[in-house]
Amino acid sequence: GLINYDSKLAYLPRAGIVHRLDKNTSGLMVVSRNERSYLHLVEQLKQRTVMRKYYALVRGEPASGGIVEKPIGRHPKFRTKQAVVKTGREAITRYKTIKRINGYSLLEVSLKTGRTHQIRVHLSYLDFPIIGDSVYGGRKKYAKGTSDQLRLVIDNFKRQALHARSLTLEHPSTNELMSFTSDLPKDMTLLMNALKKNE
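Residues numbered from 1 in each chain as written. Predicted model: local features only at pLDDT ≥ 70, side-chain atom pairs only at ≥ 80, totals over all residues. Heavy atoms only, no water.

### Looking at the overall build of the chain
- When its secondary structure is counted, the chain shows five helices and nine strands.
- Scanning the chain from its N terminus toward the C terminus, one meets helices and strands in the order α-β-α-β-β-β-β-β-β-α-α-β-β-α.
- Dimensions of the chain, computed from the C-alpha atoms along their principal axes, are close to 55 × 40 × 30 Å.
- Looking at the chain residue by residue over its 199 residues, the buried ones come to 45%.
- Counting only contacts in the chain whose residues sit at least 6 apart along the sequence, the fraction spanning at least 24 positions is 64%.
- Accessible surface, the chain: about 11,700 Å² in total, of which carbon and sulfur atoms supply 49%. (Helix = DSSP H or I, 4+ residues; strand = E, 2+ residues; numbered from the N terminus. Buried < 20%, exposed > 50% of the residue type's maximum accessible area, 1.4 Å probe, protein only. Contact = heavy atoms within 4.5 Å. Areas by Shrake-Rupley, 256 points an atom, 1.4 Å probe, with all protein chains shown as cover.)

Structure (C-alpha cells):
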C-alpha cells in the first residue's frame, strides 16, 4: 500500500516503516520517505527518546497506575508467544488508569522499551488482560457482574482492544519536537459504550 502511494519507498527497509504495531492493533505508525530520516528515526527509537502512548481496554481495575519492569523473551513452551522469563530482554512498561468501568478499565500505557507484544504480555502478567486478546487473554473470563449482553459484545470483539494513541518524536530535519494523536477507533468506542451501559 505504501509503495503504491510512493514508489520510492521500495528502496527503503520495510518500505520506510520505522516501527511496527502488533497485528490487529490500531493507531499511529511512523513512515520515513528517505534514508536519512529513516536512520535518524530508528536511532531515536534506539535511544528511547520517542514517546509512544497507547490506550488499552482491560479486564480488571488496576490501582491508579504503576511500572512493570519484567524481562520478556520467547515463551518456553509455546514458541509463537512471548512471556515474562528470567532470560528475557529488559522490558519496561508504564500504565495509568484513565477510567474504571465496573470491573473493566481504560488504561494509558507508555513504552520505555519496545519488545515484541510487550504491552499485551505485561498486562496479562499483571492479570489485567486486554479485552479481545486471543493470544495473551487466557481463557474467556469476565468481570463480576458482566451482563449477558456485554458478554456477547466482548465475545464478538475480534481483536485486542489496543490503540496507539499518541507519538512524540524529533523531526529528522528540523529537530523540532512533534506530537501526533489518533482518536479511539469506532470499534473501541462502541466497546467503551457497551462497558459503560453495564455500570
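### A few points about helix α2 (residues 35-46)
- For α2, with twelve residues, the first-to-last C-alpha span of 16 Å sits near the 16 Å given by 1.5 Å per residue.
- Among the residues making up α2, those that are buried are Ser 37, Tyr 38, Leu 41 and Gln 44. Taken down its axis, α2 places every buried residue within 125° of arc, on the same side. Turned more than 90 degrees away from the buried face of α2, the exposed residues are Glu 35, Arg 36, Leu 39 and Lys 46.
- Measuring from the backbone nitrogen of Arg 36 back to the side-chain oxygen at the start of α2 gives 3.2 Å, which picks out Asn 34 as the cap.
- Just downstream of α2, Arg 48 is the residue with a positive phi angle, here 60°. (Expected span 1.5 Å × (residues − 1). Arc of directions from axis to C-beta. Polar contact = N/O pair within 3.5 Å; in protein donor to acceptor, adjacent residues only side chain to side chain.)

### Quick word on the pairing of strand β8 (residues 162-170)
- Of all nine residues in β8, seven are buried, a share of seventy percent or more.
- Bridging between strand β1 (residues 26-27) and β8 involves two bridges; their strand directions are parallel. Note on β8: the bridge partner recorded for Gly 27 is Ala 164.
- In this sheet, β8 lies alongside strand β2 (residues 51-59) in antiparallel orientation, the contact comprising six bridges. Of the residues in β8, the one forming a bridge with Ala 56 is Leu 162.
- In terms of strand pairing, β8 meets strand β9 (residues 177-181) through five bridges, oriented antiparallel. (Pairing = 2+ DSSP bridges.)

### Considering the packing of helix α4 (residues 148-155) against helix α5 (residues 186-197)
- α5 packs onto α4 with a crossing angle of 160° between their chain directions and a minimal axis gap of 10 Å. Here α5 runs roughly antiparallel to α4, going by the angle between their axes. With respect to the hand of their crossing, α4 and α5 are arranged in left-handed fashion. In this structure, α4 contributes Leu 150, Val 153 and Ile 154 to the contact, and α5 contributes Leu 191, Ala 194 and Leu 195. (Axes fitted to C-alpha atoms, helices over the stretch in contact; angles between N-to-C directions. Parallel < 35°, antiparallel > 145°, perpendicular 65-115°, else oblique. Left-handed = near helix turned anticlockwise from the far one by under 90°.)

### Looking at the side chain of Ser 37
- Among the secondary structure elements, Ser 37 is positioned in helix α2.
- Engagement of the side chain of Ser 37 in a polar contact is seen with the side chain of Ser 32, the distance being 2.4 Å.
- The contacts of Ser 37, once residues within four sequence positions are left out, are Ser 32 and Pro 172.

### Examining the confidence of the model for the chain
- Residues at a pLDDT of 70 or more form 99% of the chain, whose mean pLDDT is 92.
- The secondary structure element of the chain with the lowest average pLDDT is α2, at 91, and the one with the highest is β1, at 96. (pLDDT = per-residue confidence, 0-100.)

### Here's the deal with the pattern of salt bridges
- The final tally for this structure, using the stated rule, is nine salt bridges.
- A salt bridge links Arg 33 to Asp 6, with the nearest nitrogen and oxygen atoms 3.0 Å apart. Here Arg 33, found in the loop between β1 and α2, pairs with Asp 6, found in the loop between α1 (2-5) and β1; they are 27 residues apart in sequence, far enough to count as distant.
- The class of Asp 6 is buried, set by a relative accessible area of 7%.
- Its salt-bridge partner being Arg 48, residue Glu 90 comes within 3.0 Å of it at the nearest N-O pair. Of this pair, Glu 90 sits in the loop between β5 (82-84) and β6 (92-101) while Arg 48 sits in the loop between α2 and β2, placing them 42 residues apart in sequence. (Salt bridge = Lys/Arg side-chain N within 4 Å of Asp/Glu carboxyl O.)

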